[in-house]
Amino acid sequence: MVADCGANCARWLLCLANFIFICVSTGVLIVGTWLAADKASFVNLTLNVTTSKDSPVSPFVGENAEKILKEFVEPAVIEQAAYILIAAGAFILIISFLGYCGAIKESRVLLTAYGIFLIIIFALQITLILLCTLYKSQADHHSKGFLKSTLSKYYTTGDNKDAVTLSWDLIMAQMSCCGVDGYEDFRTARLFVEKS
């Protein structure tokens, strides 16, 4: 009797956890599909929510919020984000559905497939952690190089700021820093030097 109680608790906890993941992944899938199908309404809703005076996020958003959001909601960026959301939502939905149905029906096949998928995901996470640890210095070097190249090629001042400039301004304001290695990085910023 005691073993049955523990097994039932584990079964229903597995069902509950997978049901929550099914609901969340369905929401992610819906948002991704909405983004892919109708970008304009999503952009308008985002702008209305973030720039409204009654919005709960309005104290955290500066006066340039509309301009920044418009730069970041270019069609290519939204389309890529939509496809990433659709893929992630579908992947999580399938795995959660396997776990949920396997636990409800007490199916060895479904639970075995669910377990194998979880082991594969866990192995991929361990591999990713090891790769990040092993190649940290190379990643830092390439990241700094990329950041310096965006700063030197695209950073500008004045009224015609683009998404890169606004991103740099936001990052430097939040981190209270200047450039990648320091203020001297701006000497190579061609557009910045020309306008100064």
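Above: the structure in question.
Residues numbered from 1 in each chain as written. Predicted model: local features only at pLDDT ≥ 70, side-chain atom pairs only at ≥ 80, totals over all residues. Heavy atoms only, no water.

A. Representation of unusual backbone geometry within the structure. Of note, the phi angle at Glu106 is positive, near 55°, even though the residue is not glycine. Positionally, Glu106 belongs in the loop between helix H4 (75–105) and helix H5 (108–134). The class for Glu106 is exposed, based on a relative accessible area of 53%. (Helix = DSSP H or I, 4+ residues; strand = E, 2+ residues; numbered from the N terminus. Buried < 20%, exposed > 50% of the residue type's maximum accessible area, 1.4 Å probe, protein only.)

B. Here's a closer look at helix H7 (residues 163–175). With 13 residues, H7 should reach 18 Å at 1.5 Å per residue; the first-to-last C-alpha distance of 18 Å fits that figure. By the burial criterion, the buried members of H7 are Ala163, Thr165, Leu166, Ser167, Trp168 and Met172. The positive-phi residue at the C-terminal boundary of H7 is Ser176, with phi of around 50°. (Expected span 1.5 Å × (residues − 1).)

C. Summary view of the packing of helix H6 (residues 136–154) against H7. Interhelical geometry of H6 versus H7 gives an angle of 120° and a closest axis separation of 10 Å. Relative to H7, the element H6 is oriented oblique. When the axes of H6 and H7 are compared, the crossing they make is left-handed. Note on element contacts: H7 touches H6 through Val164, Thr165 and Trp168, opposite Leu147, Thr150, Leu151 and Tyr154. Here the residues of the contact of H6 with H7 are counted per class, giving 5 nonpolar, 2 polar and no charged. (Axes fitted to C-alpha atoms, helices over the stretch in contact; angles between N-to-C directions. Parallel < 35°, antiparallel > 145°, perpendicular 65-115°, else oblique. Left-handed = near helix turned anticlockwise from the far one by under 90°. Contact = heavy atoms within 4.5 Å. Nonpolar A, V, L, I, M, F, W, Y, C, P; charged D, E, K, R; others polar.)

D. Structural detail: a nonpolar patch on the surface. On the surface, Phe122, Ile126, Ile129, Leu130, Leu131, Leu134 and Tyr135 cluster together into a nonpolar patch covering about 720 Å² of accessible area. Relative to the elements of secondary structure, Tyr135 occurs in the loop between H5 and H6. The exposure class of Tyr135 is partly exposed, given its relative accessible area of 44%. (Patch = residues over 30% accessible without salt bridge, like charges linked within 9 Å, V, L, I, M, F, W, Y side chains within 5 Å. Areas by Shrake-Rupley, 256 points an atom, 1.4 Å probe, with all protein chains shown as cover. Salt bridge = Lys/Arg side-chain N within 4 Å of Asp/Glu carboxyl O.)

E. Representation of the nonpolar core. Listed in full, the 5 residues of the largest apolar core are Leu151, Tyr155, Trp168, Met172 and Phe186. Those residues in contact with Met172 that lie beyond four places of it in its chain are Tyr155, Cys177, Cys178, Gly179 and Phe186. (Core = buried A, V, L, I, M, F, W, Y, C linked by side-chain atoms within 4.5 Å.)

F. Here's a closer look at the side chain of Ser96. Take Ser96: it is sitting in helix H4. Beyond its immediate chain neighbours, meaning those up to four positions away, Ser96 contacts Asn18, Phe21 and Ile22.

G. How the structure looks around the side chain of Asn18. Mapped onto the elements, Asn18 comes out in helix H1 (residues 2–37). One polar contact links the side chain of Asn18 to the main-chain carbonyl oxygen of Leu14, over a distance of 2.9 Å. The residues touching Asn18, leaving out its near neighbours within four places in the chain, are Ser96, Gly99, Tyr100 and Tyr114. (Polar contact = N/O pair within 3.5 Å; in protein donor to acceptor, adjacent residues only side chain to side chain.)

H. Structural detail: H6. With 19 residues, H6 extends 26 Å from end C-alpha to end C-alpha; this agrees with the ideal 27 Å at 1.5 Å per step. Considered for burial, the residues of H6 that qualify are Thr150, Leu151 and Ser152. Against the buried residues of H6 lie H7 and helix H8 (190–195).

I. Geometry of the pattern of salt bridges. As enumerated under the stated definition, the model contains 4 salt bridges in all. Note that Lys136 is salt-bridged to Asp140, the shortest N-O span being 3.1 Å. You can see Lys136 and its partner Asp140 sitting in helix H6, 4 residues apart, about one turn around the helix. Each member of the salt-bridge network shares a partner with another, and the members are Lys144, Lys148 and Asp181.

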